[in-house]
Amino acid sequence: MSSQSRKKTKFQAPKGMSDILPEDQIYWDKVKRTVNKLAGEYGFNRLDPPILESTDLFVKSTGAFTDIVEKEMYSLRTKRGDKLTLRPEFTPSIIRAYLENDLSSLSHPVKLYSIGPIFRHENPQKGRYRQSYQANFETIGEQDPALDAQSIQLFFSISRELGLKNLITQINSIGCPYCRPAYRKVLVSFYRSRKKHLCLNCQRRLKQNPLRLLDCKEKKCVQLAEGVPQIIDRLCDECNSYFKNVLEYLDELEIPYILNPRLVRGLDYYTKTVFEIWPEDEEGRQISLAGGGRYDGLIKSLGGKDTSAVGFAIGINRIVNLMKQRNVKISLKTRPLIFLIQLGDLGKKKSLRLFEDLRKAGLETTSSISKNTMRAQLAMADKLEARFALILGQKEVLDETIIVKNMDSGTQEVIPLNKVVKEIKKRLKKGK
Ligand code: HAM
């Protein structure tokens, strides 16, 4: 992890694991601070699960036939015979904690984030470690394409604040339990006739996990995958229109993305949207900085109610490596707070974009995209001690105006929407 070379000493850190040295702490602190700050602004609460969990939790959630469960878990048996595993990812732990601690009785969506180590017994190589660190975000309780888009937006807000540009979203939809089985059949029959051209791993996967054949990195499998029928052409109407909506939100937010029909992700629980974020340059390809997607069936399969969720995790080691590689300078500053309130469909759509404009203008802004009433949103603005609430309803969007409410004095004023940044800055300068 450090550029410093390691000496041959009597004891060495385990293969694929390394120390985070003092000289690198400035990057790690910056990433963690940024994650904590933006998680707060986007309405996430922190949850730290234990590092060890029952092995069965990962077998059931991550999936028995995934690389992680088949090959990469650090598992142990205690003296009393309990089977435990060092977490290879956060999502199963978070859902277990959500169910066990009755967080499902809270008002939804429940938004949880975590920062900490994960363990995967992978072949160590550039950007791939056996102990690495993730910042993980889960939004539990709603099936709304705006939330899928906002998860990706959150990544870009974090990366922008860390000074990382030229990143690109790879996105795909892998359907749902209604449309995926039919695609699976098409896929299996496509590959069955070409089985002898597949790598040994894929020949085995064909039976258990055929979707994974699409993203095998072996040259001959990559070549074969080029002629494969695409899932995107075989989505059911619901998944199709859901995916279109996600893309529309990404367009609205001007998030750079490319459709990647071969992106299937290596974990079993995903439904509909899946995504990864990569550096744009050639060298950075295949090194995902973050990955995630929607998983509408996992909570029920772990014994909870039928509950939708979406989430993603950022690989902190890879982010730090990229910051160092790109010589990112680190600066500290604090800014005042705005709470952006949206009402109605038009207000919600417009507010996603405005939220980004305000943040880009250096105005620390927070909002609650999935709370739709004025009362609930004002209560949050109050709780967060926002100095201003900006209110964008149907009427304001049509009139191209916005209401500025001073949360200390309670006074409010209607101003033209295109002057909002200037007006807020003016008020901040005057201290009112
Ligand atoms: P993942 O794609 O397996 O997803 O991991 C997310 C990110 O963690 C990767 O994009 C990468 O940056 C980093 N990462 C993973 N493994 C390693 C490794 N061996 N060395 C260095 N970095 C690594 C998940 O873990 C899902 N639980 C994400 C999620 C949350 N999906 C829904 N909610």
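### A word on the nonpolar core
Buried together is how nonpolar side chains tend to be arranged in soluble globular proteins. Counting residues in each nonpolar core, the largest one holds 63 residues, and the members touching the most others are Phe137, Phe155, Ile314, Ile319, Leu390 and Ile402. Core analysis: the second largest hydrophobic core is formed by 48 residues, Phe190, Ile231, Val264 and Leu298 among them.

### Considering the pattern of salt bridges
Under the defined criterion, the tally for this structure stands at 27 salt bridges. In the salt-bridge network here, residues are joined through shared partners; they are Lys37, Glu41, Glu161, Arg359 and Glu364.

### Remarks on the pairing of strand 13 (residues 364-367)
Of the two faces of strand 13, both are covered, the one formed by Glu364 and Thr366 as well as the one formed by Thr365 and Ser367. Here four bridges tie strand 12 (residues 337-342) to strand 13, and the two strands are oriented parallel to one another. Pairing of Leu337 across the sheet is with Glu364, part of strand 13. Chirality of the crossover, the property in question, places the unit of strand 12, helix 12 (residues 344-360) and strand 13 among those that are right-handed.

### Remarks on helix 5 (residues 145-161)
Taking 1.5 Å per residue as the helical rise, helix 5 with its 17 residues ought to reach 24 Å, and the 24 Å between its terminal C-alpha atoms agrees with that figure. Across the 17 residues of helix 5, 15 count as buried, placing the element largely inside the fold. Where helix 5 begins, one side-chain oxygen reaches toward the backbone nitrogen of Ala146, 2.9 Å away; that side chain belongs to Asp144. Trailing helix 5 by a residue or two, Gly163 shows a phi angle of about 80 degrees, which is positive.

### Observations regarding the pairing of strand 3 (residues 74-77)
As defined by bridge partners, strand 3 adjoins strand 4 (residues 83-86) across four bridges and the pair is classed as antiparallel. Within strand 4, the position partnered with Ser75 by the bridge is Thr85. Between strand 3 and strand 4, which pair antiparallel one after the other, the connecting turn spans five residues, and Gly81 there sits at a positive phi close to 95 degrees.

### Brief notes about the site of the ligand
Near the ligand lie 26 residues; those nearest to it are Glu89, Glu122, Tyr129, Arg265 and Tyr270. Gly315 places a main-chain nitrogen or oxygen 3.4 Å from an oxygen atom of the ligand. Within the contact set of the ligand, a nitrogen atom lies 3.4 Å away from a side-chain nitrogen or oxygen of Arg318. Protein contact buries 97% of the 660 Å² of open area that the ligand shows by itself. Every element with two or more residues in the shell around the ligand is listed here: strand 6 (131-140), strand 10 (290-294) and strand 11 (309-315).

Thresholds applied
Residues numbered from 1 in each chain as written. Predicted model: local features only at pLDDT ≥ 70, side-chain atom pairs only at ≥ 80, totals over all residues. Heavy atoms only, no water. Core = buried A, V, L, I, M, F, W, Y, C linked by side-chain atoms within 4.5 Å. Buried < 20%, exposed > 50% of the residue type's maximum accessible area, 1.4 Å probe, protein only. Salt bridge = Lys/Arg side-chain N within 4 Å of Asp/Glu carboxyl O. Helix = DSSP H or I, 4+ residues; strand = E, 2+ residues; numbered from the N terminus. Pairing = 2+ DSSP bridges. Right-handed = clockwise from strand over helix to strand, strands pointing away. Expected span 1.5 Å × (residues − 1). Polar contact = N/O pair within 3.5 Å; in protein donor to acceptor, adjacent residues only side chain to side chain. Near = heavy atom within 4 Å. Areas by Shrake-Rupley, 256 points an atom, 1.4 Å probe, with all protein chains shown as cover.

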